[in-house]
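# Inside the fold
Below are the chains, spelled out letter by letter.
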Amino acid sequence: MANASTTPHDLNCLTIDELEAHAAKIMDKQTRDYYNEGADSGSTLRENLDAFKKYRIRPRVLRDVSRIDTSANIFGHKNSIPLGVAPTAMQCLAHEEGELATARACKKMNVVMGLSSFATTTLEDVAEASGDNPNVLQLYLFESRDHSRKLIQRAKKAGYKAVFLTVDTPILGRRNLEIRNQFKLPKHFKIANFAQDEAEKEGERQQEEQARPQAQRRSSAGYLDGDNRVQPSGPITFHTHAANPTLSWETDIEWLKKECGPNMQVWVKGIATAEDALLAIEHGVDGIVVSNHGGRQLNGAMATLDALPDVVAAVQKRIPVHVDGGIRHGTDVFKALALGADFVWIGRPVLWGLAYKGQEGVELCLRLLADEFKLCMGLAGTIKIKDISKDYLVKMDRSGFVSRL
Ligand SMILES: Cc1cc2nc3c(=O)[nH]c(=O)nc-3n(C[C@H](O)[C@H](O)[C@H](O)COP(=O)(O)O)c2cc1C
Ligand SMILES: CC(C)CC(=O)C(=O)O
């Protein structure tokens, strides 16, 4: 009997769990804590993972699974599997080649890549490394529309297929290890997409600063207003500019759609409820990602896999519904699809791959998941993505009682 794997194994690393363990030994403490932690006690982060264990697969047999097609269409491109690389900030912390290594691995593995606004590589350099492999730009809409507008224009010019507006971060979640470690991006790295703006602004700022009475001079984190809210008027750092508490459906989605024009889609990332999924449709977005930011924002929020079925039922296939959070095995991809997701995204596993072996490590990460997913499809008795449905799952409650969906 042939093994389902199409590629050679790395005998030291046969699972994403092993990849995580290798990476943990390689990364420095600040980076490991920043990448791996969730908000507050981390319960939502853990529940994202545990949610997958509540479901078991009902395999069907004698169905000729000799020709399995794992490919999925995204932005008119044939992705090798229904999985993409979610945007994660500051990848050069994991490996010196950072986002470039990720882009090259995605291209080689034929997998769509999401680039964080807070990448340590410019969106143009990533686009060049990606060639004709599709990319999406994750966007935090800043209070200064100028910063956002420039970024959108650059993404359009560089051929990005979509922007993913992250909507679960109106205020940055509380990450205790980050606070305790006093997280700082080492000086030799830059939040590359803003580096030019920063240099231009710095001169102006220094002049303004000198003109200001001593008592009103800003701290390095920005100004605090009367409500102790950081005013994002200072340098672009993720403690100030990632969070924009003023975002709303009415004012921002319309603006964003206009800026993106007809050739770059607008998605929202961070939907957790049917109500918001319906609002997304009402406001004309092209797709949604059910996400809780990998458990890094509202601790105590639902696991994304638990949030998914309600959203799928509300959307009724009018727009694509994607999901991320806690996907660590090919069977997790299968379960998410069976619950109605069209596509999934992975965050931390790619960072672990990067830390382990740069581009090669990201390829390994994607290959493991692709092989596991293909094997799962074959052993569950299905050869087409579109046939994966809730008929392939049962749900177990806490007492072990099994029910059909
Ligand atoms: C270190 C780290 C940085 C992240 N940076 C961003 C970001 O810049 N923008 C964003 O929308 N989401 C960001 N995310 C969230 C991911 O896009 C994704 O939603 C999440 O990682 C999925 O969960 P998983 O890590 O369990 O796969 C980040 C996640 C991590 C772990
Ligand atoms: C720049 C940060 C806000 C990136 C992020 O989204 C995260 O660390 O979760």
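Residues numbered from 1 in each chain as written. Chains lettered and ligands numbered in written order. Predicted model: local features only at pLDDT ≥ 70, side-chain atom pairs only at ≥ 80, totals over all residues. Heavy atoms only, no water.

Let's shift gears to the nonpolar core. Across soluble globular proteins, nonpolar side chains show a tendency to be buried alongside one another. In terms of nonpolar packing, the biggest core is built from 103 residues, with L256 and I288 touching the most fellow members. The element best represented in this core is helix α13 (residues 348-380), accounting for 17 residues. (Core = buried A, V, L, I, M, F, W, Y, C linked by side-chain atoms within 4.5 Å. Buried < 20%, exposed > 50% of the residue type's maximum accessible area, 1.4 Å probe, protein only. Helix = DSSP H or I, 4+ residues; strand = E, 2+ residues; numbered from the N terminus.)

All right, on to the sheet that holds strand β14 (residues 393-396) then. Ordered in space as β1-β14-β15, the three strands form an open sheet in which the pairing is antiparallel. Here the strands that pair on one side only, and so sit at the sheet edges, are β1 (55-57) and β15 (402-404). Across this sheet, the average inter-strand angle for adjacent strands is 35°, counted without regard to direction. With three bridges joining them, β1 and β14 adopt antiparallel strand pairing. By the bridge assignment, I57 is partnered in β14 with L393. Docked against the sheet, helix α12 (residues 330-338) engages β1 and β14, running at close to 100° with respect to β1. (Pairing = 2+ DSSP bridges. Axes fitted to C-alpha atoms, helices over the stretch in contact; angles between N-to-C directions. Contact = heavy atoms within 4.5 Å.)

The next point concerns the site of ligand 1. As a structural note, the neighbourhood of ligand 1 is formed by 23 residues, with P87, S116, T166, D324 and R328 the closest of them. A distance of 2.7 Å separates an oxygen atom of ligand 1 from a polar side-chain atom of S116. Within the side chain of Y140, an N or O atom sits 3.3 Å from a nitrogen atom of ligand 1. For ligand 1, the protein covers 98% of the area, taking 610 Å² as the surface of the free molecule. Of all elements in the fold, only α2 (29-36) and α13 reach the threshold of two or more residues within the shell around ligand 1. Counted by class, the shell around ligand 1 contains eight nonpolar, ten polar and five charged residues. (Near = heavy atom within 4 Å. Polar contact = N/O pair within 3.5 Å; in protein donor to acceptor, adjacent residues only side chain to side chain. Areas by Shrake-Rupley, 256 points an atom, 1.4 Å probe, with all protein chains shown as cover. Nonpolar A, V, L, I, M, F, W, Y, C, P; charged D, E, K, R; others polar.)

The next point concerns the site of ligand 2. Neighbouring ligand 2 are ten residues; Y34, Y140, R175, H293 and R296 lie closest to it. Contact between ligand 2 and R175: an oxygen atom at 2.9 Å from a side-chain N or O atom of the residue. Between ligand 2 and R296 there is a distance of 2.8 Å, counted from an oxygen atom to a side-chain nitrogen or oxygen. Notes on ligand 2: free accessible area 280 Å², of which the protein chains cover 94%. Residues belonging to the shell around ligand 2 are distributed by class as follows: seven nonpolar, one polar and two charged.

One ladder, built from three bridges, connects β14 with β15; its direction is antiparallel. Across the sheet, K395 pairs through a bridge with S403, a residue of β15. Counting the residues between successive antiparallel strands, the hairpin from β14 to β15 contains five residues, one of them, G400, with a positive phi of roughly 95°.

As a further point, take the pairing of strand β7 (residues 162-166). Most of β7 is tucked away, with five of its five residues classed as buried. Residue alternation in β7 divides its side chains into two sets, A162, F164 and T166 and V163 and L165, and both sets are buried. Inspection of the sheet shows strand β6 (residues 135-139) paired to β7 by four bridges, in the parallel sense. Pairing of Q138 across the sheet is with F164, part of β7. Handedness of the crossover is the feature at issue here: the chain leaves β6, passes through helix α6 (residues 145-157), returns alongside β7, and the resulting connection is right-handed. Bridge count between β7 and strand β10 (residues 265-271): five bridges; the pairing is parallel. Residue V163 lies in a different strand from β10, and its bridge partner there is V266. (Right-handed = clockwise from strand over helix to strand, strands pointing away.)

Our focus in this paragraph is the confidence of the model for the protein chain. A residue-level look at the protein chain finds 88% of positions with pLDDT of 70 or above and a mean pLDDT of 91. Confidence drops under pLDDT 50 across residues 217-233; counting only partners more than four residues distant or on other chains, this segment forms 29 contacts. As a predicted assembly, this complex carries a pTM of 0.92 together with an ipTM value of 0.99. (pLDDT = per-residue confidence, 0-100.)

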